[in-house]
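Structural description and commentary
Here's the letter readout for the chains.
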Amino acid sequence: MKLIEYDRFQQIDDNTKNAIMEWWEPEPFDTMLSTITGEVFQYSPTGKYDHKKIKEECIPLLTMQHLVDFIQWKSGERISICGGPVWVVEGEIHIGFQAKRYEDELLLGLLECAKQYCNREY
C-alpha cells in the first residue's frame, strides 16, 4: 500500500496540513509517525498511545482512501475518479493528471486535489 510519507506531508502548505489534522481521527491499523520518537507504527486502540496523545504527537501517513475521504469531507460532496492514462478527479474542482504508475501518481494527484480544495477562495 502506498502512503504519503512524512517528508512529503511536511512539504504541503500549512492550511492543508491543518485541515487534514482537523479531519483525521485515528482508526485501527492507520499507519502514522510519532513526531516525538520518529517511530512509524500502526495505530491500535489498545497500544501504548492513547487517542489524545495520537492527535497531539503523530502525523498520519495517508493512503488513497484517506485522501478521497478527506476531499469528500472538505468539499461536502462525493467525488469520482475516472482513469485512463489520464486520471481525473471530478467534483466541484476538476483535476487531471498523467498516471504512468497507478498507485504513485494517483496518490500524488489526490494530494494535489486536496491542496486545491483547502486553498480555494470562496
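As a starting point, this report considers the structure included with it. (Residues numbered from 1 in each chain as written. Predicted model: local features only at pLDDT ≥ 70, side-chain atom pairs only at ≥ 80, totals over all residues. Heavy atoms only, no water.)

A word on the nonpolar core
Grouped together as the largest cluster of nonpolar side chains are 30 residues, with contacts concentrated most on Phe-9, Ile-54 and Leu-67. Sorting the residues of this core by element identifies helix H2 (14-23), strand E3 (58-60), helix H4 (64-75) and helix H5 (102-119) as the ones contributing at least two each. When residues in this core are grouped by element, the largest group, 8 residues, is from H5. When sequence neighbours within four positions are dropped, the list of residues in contact with Phe-9 reads Ile-4, Lys-17, Ile-20, Met-21, Ile-59 and Leu-62. (Core = buried A, V, L, I, M, F, W, Y, C linked by side-chain atoms within 4.5 Å. Buried < 20%, exposed > 50% of the residue type's maximum accessible area, 1.4 Å probe, protein only. Helix = DSSP H or I, 4+ residues; strand = E, 2+ residues; numbered from the N terminus. Contact = heavy atoms within 4.5 Å.)

Quick look at the packing of aromatic side chains
One pass over the full model with this rule turns up 2 aromatic pairs. Look at Trp-23 and Phe-70: their rings are 5.6 Å apart centre to centre, the planes differ by 70 degrees, and that puts the pair in the edge-to-face class. Of the two residues, Trp-23 sits in helix H2 while Phe-70 sits in helix H4, which places them 47 residues apart along the sequence. When the ring of Phe-70 is compared with that of Trp-73, the centres are 5.8 Å apart and the planes differ by 35 degrees; the resulting orientation is tilted. Of the two residues, Phe-70 and Trp-73 both sit in helix H4, 3 residues apart, roughly one turn of that helix. Among the aromatic residues, those joined into a cluster by ring pairs are Trp-23, Phe-70 and Trp-73. (Phe/Tyr/Trp six-rings, centres within 6.5 Å; stacked < 30°, edge-to-face > 60°.)

Description of the pairing of strand E1 (residues 31-34)
One face of the sheet, then the other: side chains in a regular strand alternate in exactly this way. Burial of the side chains of E1 extends over both faces: Thr-31 and Leu-33 are buried on one face and Met-32 and Ser-34 on the other. Taken together, the 3 bridges between E1 and strand E2 (residues 40-42) define a ladder with antiparallel strand orientation. Bridge assignment links Leu-33 to a residue of E2, and that residue is Val-40. Sheet topology note: the E1/E3 ladder contains 3 bridges and is antiparallel. Bridge pairing links Met-32 to Pro-60 in E3. (Pairing = 2+ DSSP bridges.)

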